[in-house]
Amino acid sequence: MNIVLDISPGHLDLDTTLRCGQVFRWTRLGDWWFGMLGDVMVKMRQEKQFLNVKTSAAISESKLEDYLRLDDDLGAIIGGLSKDRIFRSVANQVSGLRLLRQDPWECLVSYICSRNCKIAMISRILNNLSQKFGKKVVWKRSVNYCFPEPNALCQAELSEIASCGLRYGKRQAYELKQIAKLVCEGAIDFEILRRMTYSETKKILLSFDHGVGNKVADCVLLFSLEKLEAFPVDVWVGRAVVQLYGKFLGSEFIQRIDRTRHLSARDYGILSEFGQMHFGRYAGYAQEYLYHWTRLQHNACDQ
DNA sequence: ATCCAGGATATCT
DNA sequence: AGATATCATGGA
């Protein structure tokens, strides 16, 4: 199947959007990006304001627009955030980065696996999990794997899950299995979570108690549960906020952050709430721009 | 060899 | 509450 989407000029940079580290299972081969949307293999490439998409099976155009969040008016969102002149200089160096509307189950698993890992390693883990537990899809000369269904992880042995290269071995495999079980039992219903407020949903995510802390919860909220006011803070975002907005945070805070390797719960809260207060309902977009910008500064995007 | 990466959690004081 | 130890991969 063949689809061509007409994007407003400057409102999509596909390379940046797929490579910036919000999502982990797209790979670029030649001019084309390959990935999976559900059980459909998708390849796409951008030619200026046109997005050329080919799929292994029928897929609705609206599904694609939904995934790319084309309902977000990027110009208006970034324009609004750029009333802050510090952010404006960041946005001038990162154009066409869009948040994606990810599948919540895949997003939750992805970020549980992400802790203390580099992006390349997260991709490797998720591809291993998919290859081992996901459905194989063959399309012309390409082979890819669906993301594992919750049921597949429910039934798996811990050692099998851990063998996919998880950073924390069987302990993390256990976390994934427990989360999968909650989804299978219906104790986690993403459609309900999607409709609740940020703080209600976050409280529930944190109550799972299986590898979901502040950072993982905020990523899932932002990238898959429609909470654009979420402001996840990792090492990079922490650095960016301290560097650019340190004057708002106080010198004793800056000194404390400087000395510690990992963010304490308290300092996570201070940074994340600063982001939410300062940037408002599109704080999540601001966060992603800051994240990508500071990684560009440090030449970390190709790692 | 040492350091670091989209951290969470149990166990101290 | 807040600091600390543990979990234990793989690339630079």
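Analysis parameters
Residues numbered from 1 in each chain as written. Chains lettered and ligands numbered in written order. Predicted model: local features only at pLDDT ≥ 70, side-chain atom pairs only at ≥ 80, totals over all residues. Heavy atoms only, no water. Phe/Tyr/Trp six-rings, centres within 6.5 Å; stacked < 30°, edge-to-face > 60°. Helix = DSSP H or I, 4+ residues; strand = E, 2+ residues; numbered from the N terminus. Lys NZ or Arg CZ within 6 Å of the ring centre and 35° of its normal. Near = heavy atom within 4 Å. Polar contact = N/O pair within 3.5 Å; in protein donor to acceptor, adjacent residues only side chain to side chain. Nonpolar A, V, L, I, M, F, W, Y, C, P; charged D, E, K, R; others polar. Pairing = 2+ DSSP bridges. Axes fitted to C-alpha atoms, helices over the stretch in contact; angles between N-to-C directions. Domains from an automatic or database assignment. Contact = heavy atoms within 4.5 Å. Buried area = accessible area lost by both parts, 1.4 Å probe. Salt bridge = Lys/Arg side-chain N within 4 Å of Asp/Glu carboxyl O.

Before going further, it helps to spend a moment on the packing of aromatic side chains. Any pair of aromatic rings gets described here by the distance separating the centres and the angle formed by the planes. For the structure on display, the rule yields ten aromatic pairs. Ring centres 5.8 Å apart and planes at 35° place the aromatic pair F248 and F274 in the tilted group. With F248 in the loop between α13 (235-245) and α14 (251-259) and F274 in helix α15 (residues 265-279), this pair connects stretches of sequence that are 26 residues apart. Put simply, the rings of F87, F231, Y245, F248, F274, F279 and Y289 touch in pairs and so form one group of aromatic residues. Between the NZ or CZ atom of R239 and the centre of the ring of W236, over which it lies, the distance is 4.5 Å.

Around DNA strand C, a shell composed of M121, R124, L166, R167, Y168, R171 and R266 is seen. Counting only the atoms of DNA strand C within 4 Å of the protein, the fraction contributed by sugar and phosphate is 58%. Within the side chain of R124, one N or O atom sits 2.5 Å away from a phosphate oxygen of DNA strand C. Contacts to DNA strand C include R167, whose side-chain N or O atom sits 2.8 Å from a base oxygen. When grouped by side-chain class, the residues that make up the surface near DNA strand C number three nonpolar, no polar and four charged.

What follows is about the protein's contact with DNA strand B. Close to DNA strand B lie 32 residues, the nearest being G21, I119, W236, R239 and Q287. The share of sugar and phosphate among atoms of DNA strand B within 4 Å of the protein is 55%. Within the side chain of R167, an N or O atom sits 3.1 Å from a base nitrogen of DNA strand B. With respect to DNA strand B, the side chain of H262 contributes an N or O atom lying 3.3 Å from a base nitrogen.

The subject of this paragraph is the sheet that holds strand β5 (residues 50-55). The sheet built from five strands is open, its strands ordered β1-β5-β4-β3-β2 with antiparallel pairing. Of all strands in the sheet, those with a lone pairing partner are β1 (2-6) and β2 (27-29), marking the two edges. Strand-to-strand, the axes of this sheet are offset by a mean angle of 30°, without reference to chain direction. With five bridges connecting them, β1 and β5 associate as antiparallel partners. Along β5, the bridge assignment pairs N2 with K54.

The next subject is the domain arrangement of chain A. A common way to state how big an interface is: give the accessible area lost once the parts meet. In terms of domain boundaries, chain A breaks down into domain 1 (2-71), domain 2 (104-224) and domain 3 (235-297). Just the C-alpha atoms count here: the centres of domain 1 and domain 2 sit 22 Å apart. At the junction of the two partners, domain 1 supplies 15 residues and domain 2 supplies 20 residues. Note on domain 1 versus domain 2: buried area summed over both sides is about 1500 Å², and carbon and sulfur give 64% of it. Per-residue buried area on domain 1 facing domain 2 is highest for F24, R25 and M41; these three make up 53% of the total on that side. At the junction of domain 1 and domain 2, the tally comes to two salt bridges. A salt bridge links D39 to K135; the shortest N-O distance between them is 3.7 Å. Here domain 1 and domain 2 share six residue pairs in polar contact (both at pLDDT 80 or more) between them. Those elements giving two or more residues to the side of domain 1 that touches domain 2 turn out to be β3 (32-37), β4 (40-47) and β5. In terms of residue count, β3 provides more of the side of domain 1 that touches domain 2 than any other element does, three residues in total. Class assignment for the residues of the side of domain 1 that touches domain 2 results in five nonpolar, six polar and four charged.

Within the secondary structure, R141 sits in the loop between β6 (136-139) and β7 (142-145). In this structure, the C-alpha to C-alpha distance between R141 and I112, residues 29 residues apart in sequence, is 32 Å.

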